[in-house]
Amino acid sequence: MIISKKSKSDDRLYRYLRLQNNLRCLVVQDKDVEKSSACLHVGVGSLYDPPQANGLAHFLEHMLFLGTKKYPSENYYSQHIQQNGGQKNAATSENYTYYYFDVKNEAFPKAVDIFSQFFKEPLFTETATEREMNAVDSEYKKNLSDDGRRIFQMEKSVIVRPGSVLNKFSTGGMETLKHEGIRDELLKFHEDYYSSNIMRLVLVGRDSLENLEKLAVENFSDVVNKEVVLKDLSNEIVYDENSLGKLYKVVPHKNLKKILIHWNLPYSEHLWNQKPSSIISHLIGHEGPNSLLSQLIKEGLATSLQSSNSSRMDCIDQFSVSVGLTDKGEENYQRVVELVYQYINQLKQSGIPKYVFDEKKRMYELSFEYKTKQSAISYAQTLAARMLKFIEDEEFNDLLWRPHALEVFDPEELQRRMNLLTPQNSFVIFQSKKNEKEDSVLLKEKWYGTPYSIEKIPDDTISYLAKVLPSLEVNLGLPPRNEFIPQQLNEIKILRDLENTKPAFPMKISENPQVWFKQDDTFDQPFLQVNMKLQTYDCAYPVTALSQMFIVLWKACLLEFNRELSYMGSLAGIGESNGLSMEYLSWTIFSYNDVVVTKYIAETLKSLQNYDVTKEIFEDIKNLKIRSYENSLKSEPYQRIDSKLYTLIMKNNLDIPELLKALKEELDFETFVNMKNQWLRNLRIEWFVTGHITQKDAMQIVHDSEAAIKHRKITQEEIQEQRLIKLPYNYLAEYEELNADTENPNSAALAIYQYELKTPLKQAINSVLFQLLKEPFFNQLRTQQQLGYIVQCAPMITRKVIHGKFLVQSSVKDPDYLILKMNEFLLNIRDNVIPTLTDEQIETSKKAIINSLQQKDLNLGQEAGRYWDEILTGDYEFSSREIKIEALRQVQKQDVIEYFNELFFNNPKRLNLKFYSHGHFDNKDELNANIQANQKFYQDNCKIFKQEKIENYRQFKLSHFQFPRL
Ligand SMILES: [Zn+2]
């Protein structure tokens, strides 16, 4: 069946088919993709874990990749994908598990063959079973400090009804998986549930629908149909009187202040053409005038609010509101809950007016009409997930349209749902460090050790909240009509001489101010993007810690000042994003090209220099930032180690404790206001306008905006440039840190090799080398040695300088051992791989990278982002992809070999960063043995003449040269 109900701007072709084994497939032809993708969803997940082996569905997801009867080699699949420029992954949820990959078009048929074997004859070998449970365990330990995960698991372990199917530990670990007979359990799970009748397959490729269909039929028709009947959960009681009407006080790992209210509502997926839950959450989560969030902020109680609805297990809707609290809100969380109910109760009284529905309907229609394309790999995932909800063949014609469908305005259904938003039908989770000091004895969640206590919400509170309405001084109400909703879209028709003419590059249409412009000649959609780069040296930016913290606060206060306006804009499709680097502030506005966007831009920019902020709001935002910097020190080592690296090698990057000190001790409100008055007086603004807009209109936007910002124009030369530390040749520096977070069981090691300033050819050689190393590194250190879940090996360009990067996080081994294994890996490559390297291997690697570079931009945002990056970095190399491809074609085997020896052995410039967990640090004997083994490696194999231990990072930076400013 051809799917005919599709967006008018969608040039892809779709065909739905049901194979003879009842596997529902969708094949999609997209003429623009260089990589094809497959995604398969199976309708079982962790809900189906047997009680003696929690995490089994997830473990199976890991195991499936590791060899099949037809292709027994453990890394056969990953090799094929990696060598052909692709990527792969999988994930396990409550009631589904999915697998996906992409790969260059020519390698797709073979990849589909390998992939389909997982669902037919996986091996689950004894040895891989033994090993891979370590990866699952490491994944679990990586999540231990993640408060989102902790709450997620807490709900499953503590809040849901004990006999409920949700009462599980879904990740799994050694404790649940390491036992006699686990392999048989894996085989049985696959045998019982991996059945074609509960699978959905999507193939997206450039090939014809006929050929894609043939691929699906040939490879998947023999997946066995076991006629699996999924658990009927429609009568499942997830929450009962023991869960509802309760307050769960939780001590978070990080210093979070948050209140979450969850309501238990009836399943609503079948109401897709009226989307009642999404209309209600649209109002409760509104951030515009009269909103709940505005009132919470006005009372100094909160800094953020989200409302959402999720359908769980195809049986319930979980409707939730989550509020980020201030210190005052933390003290007065009851008031926060009261305001939530004031809003809800008022909404119940007023009902939801038709204009709210109409505005949403208009935006859904537009988003369908002008749907933008995404990559094959993400599109395949989106569609396959959606297909799980489709059973009957006729339904599939609505597949593309359902998420955008809003046809029926049913006030009664809305009212019925709102009436269920009561305190008796909800539970509250309050996350606060203050809960630690409560007198009551804290319990501990079994898997994450999260401390908590449970309180019944008193009956009189429940009846009070059920009725409470806003008092006179409280401003809560319906949002105003949205004046930004696009009415008339401006469809300039662009003349094209030839179908396949290359798109033009951005042109400079004004020197002062510098304005780049590119009219859309590719996508034919009424979109517009305006990009601004602002540079200044005001307030000594970015040299001092104070100035760096000032700009963070300045931006956050500005966003809060504009919040109501930008939220109204966002509902009308005006997207705004901004970035902050040591050299510039960037601002991007993406929108339909309706005239109101011009008004929006002018209003936003007017506030840039003159916005107001009260001392109270400033203090709330400042406290939030303090907490977020403090919390970042409790992140996982693999995340912290990256930020540390930049502190070490970038001239202006400072250590977090220093930034925190400036934030706490120097940046008071008075200082902030003083700095704010000097800020953005000396300015360089660079523009890039693109989309369906004429040059004249683009210049008009620029002129209006520049007039709104009073400033003295400065030149590029006056701006403090960020610079990179230049390591000497034949050198090794080591930085080490003992994790202050004593509870974290993970260590991490990062090794960086620095090379030279990039030229297209050197950069090409570097990427070919890492393309060759990536798969074996992962296979050795993760699949075989099981050092940890996070294993990375990648080329890296920083400030135009070429680097190579290796990173491993481990709960089982110390950082010196991890470094040792990296060293041994390189030695093994040198002795066993390099001597037998063939021209063909080099060609394959080159082709994989070239293939990725040849991918056309699929939407205006992608194209604009690529050009904007060139402007932000100051490279202006708009044809950089073509240059890179040309350089890659030049790379020879001998270049790669010489470069390999130079980078790692003959002239290494190396930096090791080691993060020790307490457990690993205490094991001195093992540590010393590993340190010595590494020293021996450097002596025997690398020409390292100077070694240094970094004690003081500022001194370290001062003692080295920097790469020149470019
Ligand atoms: Zn996993």
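Along each chain, the written sequence defines residue order, and numbers are assigned to residues from 1. Per-residue local features are limited, in this predicted model, to residues with pLDDT of at least 70; the limit for side-chain atom pairs, both in listing and counting, is 80 or more; totals at the level of whole chains, interfaces and linings are taken over all residues. Side-chain metrics in this entry use all non-hydrogen atoms of the structure; hydrogen atoms and water are not considered.

Looking up the protein chain in an unreviewed UniProt entry gives the name Insulin-degrading enzyme, with the organism given as Stylonychia lemnae. Quoted straight from UniProt, the Cofactor (unreviewed entry) entry for the protein chain says "Zn(2+)". UniProt positions are given in the numbering used here, feature names are shortened, and annotations may be inferred rather than shown by experiment.

**Details of helix H4 (residues 126–142)**
Spanning 17 residues, H4 covers 25 Å between terminal C-alpha atoms, matching the ideal 24 Å at 1.5 Å per step. The rule is simple: take the accessible area with a 1.4 Å probe, protein chains only, and divide by the maximum for that residue type; under 20% is buried, over 50% is exposed, in between is partly exposed. Secondary structure follows DSSP: runs of H or I at least 4 residues long count as helices, runs of E at least 2 residues long count as strands, and numbering of each begins at the N terminus. Listed in full, the buried residues belonging to H4 are Ala128, Thr129, Arg131, Glu132, Met133, Ala135, Val136, Asp137, Ser138, Glu139, Tyr140 and Lys142. To estimate the expected span of a helix, subtract one from its residue number and multiply by 1.5 Å.

**What to know about the sheet that holds strand E5 (residues 97–104)**
Here 6 strands make up an open sheet; going across it, the order is E1-E2-E6-E3-E5-E4 and the pairing mixed. Edge positions in the sheet fall to strand E1 (13–18) and strand E4 (87–92), since each has one partner strand and no second. With strand direction ignored, the average angle separating the axes of adjacent strands in the sheet is 10 degrees. Strands are labelled as partners when DSSP assigns at least two bridges between them. Across 6 bridges, E1 lies against strand E2 (residues 24–29) in antiparallel orientation. Between N-to-C directions, angles cover 0 to 180 degrees, with each direction set by a line fitted to C-alpha atoms, over the stretch in contact for helices.

**What to know about the coordination of the zinc ion**
The protein atoms that coordinate the zinc ion are His58 (NE2), His62 (NE2), Glu139 (OE) and Glu139 (OE), at distances spanning 2.0 to 2.7 Å. Metal-coordinating donors are taken as N, O and S atoms lying within 2.8 Å of the metal, or within 3.2 Å when the metal is Na, K or Ca; because water is left out, some sites can appear incomplete. Angular criteria define each label, namely tetrahedral for four donors with all angles between 85 and 135 degrees, square planar for four and octahedral for six donors with opposite donors over 155 degrees apart and remaining angles between 65 and 115, and irregular for whatever fails these tests. What the 4 donor atoms of the zinc ion show is an angle range of 52 to 142 degrees at the metal, which sorts the shape as irregular. Each donor residue of the zinc ion belongs to the same chain, with the gaps between them written as H-x3-H-x76-E. Linking His62 in helix H1 (residues 56–64) with Glu139 in helix H4, this pair joins segments that are 77 residues apart in sequence. Judged by its relative accessible area of 6%, His62 is buried.

**What to know about the pattern of salt bridges**
For side chains bearing opposite charge, pairing can occur when the charged atoms are close. Salt-bridge detection follows one rule: a side-chain nitrogen of Lys or Arg within 4 Å of a carboxyl oxygen of Asp or Glu. Applying the stated rule across the entire model yields 74 salt bridges. Here Asp875 makes a salt bridge to Lys758, at a shortest N to O gap of 3.7 Å. One end of the pair, Asp875, is in the loop between helix H28 (860–873) and helix H29 (880–890); the other, Lys758, is in the loop between strand E23 (747–757) and helix H25 (760–784), with 117 residues separating them in the sequence. For Lys800, the salt bridge identified is with Asp875, shortest N-O distance 2.8 Å. With Lys800 in the loop between strand E24 (790–798) and strand E25 (801–810) and Asp875 in the loop between H28 and H29, this residue pair connects regions lying 75 residues apart in the sequence. Looking at Lys800, the relative accessible area reads 23%, which means it is partly exposed.

**What to know about the UniProt feature "domain: Coenzyme PQQ synthesis protein F-like C-terminal lobe" (unreviewed entry) in the protein chain**
In the numbering used here, UniProt assigns the feature "domain: Coenzyme PQQ synthesis protein F-like C-terminal lobe" (unreviewed entry) to residues 769–868. Measuring from the first to the last C-alpha atom of residues 769–868 gives 28 Å, for a span that is 59% helix and 19% strand.

**Topic: the domain arrangement of the protein chain**
The split into domains, and so the bounds of each, comes from an automatic or database assignment of domains. What the domain assignment lists for the protein chain is domain 1 (13–220), domain 2 (246–375 + 398–467), domain 3 (507–718) and domain 4 (726–962). Each of domain 1 and domain 4 has a C-alpha centre, and the two are 30 Å apart. Any pair of residues with heavy atoms lying within 4.5 Å of one another is described as a contacting pair. The interface of domain 1 with domain 4 comprises 25 residues on the first partner and 25 residues on the second. Interface area, domain 1 with domain 4, both sides summed: about 2,200 Å², of which 47% is carbon and sulfur. Inspection of the domain 1/domain 4 interface yields 2 salt bridges. Salt-bridge contacts for Lys856 lead to Asp32; the nearest nitrogen and oxygen are separated by 2.9 Å. Buried area: the accessible area, evaluated with a 1.4 Å probe, that two parts lose upon being put together, summed over both parts.

**Topic: the environment of Met549**
Structurally, Met549 is set in helix H17 (residues 545–561). Take Met549: its relative accessible area is 2%, and that puts it in the buried class. As for Met549 and Lys348, which are separated by 201 residues in sequence, their C-alpha atoms are 44 Å apart. In this view, Met549 contacts Tyr629, Leu659, Ala662, Leu663 and Leu667; residues no more than four positions away in its chain are not counted.

**Structural notes on unusual backbone geometry**
The linkage connecting Asn512 with the following residue, Pro513, adopts the cis geometry, with an omega of 5 degrees. Within the secondary structure layout, Pro513 lies in the loop between strand E14 (507–510) and strand E15 (514–519). A positive phi angle, near 55 degrees, is found at Tyr876, a position not held by glycine. Positionally, Tyr876 belongs in the loop between H28 and H29.

**Description of the nonpolar core**
Counting 97 residues, the largest nonpolar core has Phe550, Trp554, Leu608, Leu667, Phe672 and Leu911 as the members making the most contacts within it. If one sorts the elements of this core by residue count, H17 sits on top with 11 residues. Contacts of Phe672, omitting those with residues within four sequence positions, involve Phe550, Leu553, Trp554, Cys557, Tyr611, Val613, Phe618 and Leu667. As used in this record, nonpolar core signifies buried Ala, Val, Leu, Ile, Met, Phe, Trp, Tyr and Cys residues forming a set joined through side-chain atoms within 4.5 Å. By size, the runner-up hydrophobic cluster in this structure holds 75 residues, among which are Met63, Val103, Val228 and Val238.

**Things to note about the side chain of Glu445**
By the secondary structure assignment, Glu445 is in the loop between strand E12 (443–444) and strand E13 (451–456). As used throughout, the charge tally considers Lys and Arg to be positive and Asp and Glu to be negative, leaving His and the chain termini uncounted. Here Glu445 is buried and forms no salt bridge, its nearest opposite-charge partner Arg150 lying at an N-O distance of 7.6 Å.

**Observations concerning the packing of helix H19 (residues 596–610) against helix H24 (residues 695–708)**
The N-to-C vectors of H19 and H24 enclose an angle of 25 degrees; their axes lie 8 Å apart at closest approach. By the angle class used here, H19 and H24 are roughly parallel. For the pair H19 and H24, the crossing hand works out as right-handed. Within the contact between the two elements, H19 uses Thr598, Ile601, Leu605, Lys606 and Gln609 and H24 uses Ile701, Ser705 and Ala708. Under this grouping Gly is polar, as are all residues other than the nonpolar Ala, Val, Leu, Ile, Met, Phe, Trp, Tyr, Cys and Pro and the charged Asp, Glu, Lys and Arg. Across the contact of H19 with H24, the residue classes tally to 4 nonpolar, 3 polar and 1 charged. Oblique is the label for any angle not covered by the other classes, which are roughly parallel (under 35 degrees), roughly antiparallel (over 145) and roughly perpendicular (65 to 115). Each helix crossing is assigned a hand: it is left-handed if the near helix lies turned anticlockwise from the far helix by less than a right angle, otherwise right-handed if that turn is clockwise.

**Brief notes about the sheet that holds strand E9 (residues 302–312)**
Taking strand neighbours across the sheet as the criterion, the 7 strands line up as E9-E10-E8-E11-E7-E13-E12 in an open arrangement whose pairing is mixed. Across the chains shown, the open sheet's two edge strands, defined by having one partner strand only, are E9 and E12. Bridge count for strand E7 (residues 246–250) against strand E11 (residues 426–431) is 5 bridges, and the pairing is parallel. In the sheet register, Val250 faces E11, and the bridge partner there is Gln431.

**Here's the deal with the environment of Val112**
Inspection of the secondary structure puts Val112 in helix H3 (residues 108–117). Looking at Val112, the relative accessible area reads 0%, which means it is buried. With 641 residues separating them in the primary sequence, Val112 and Tyr753 have C-alpha atoms 37 Å apart. When near neighbours in sequence (up to four residues on either side) are disregarded, Val112 contacts Phe101, Leu203, Leu215, Asn219 and Phe220.

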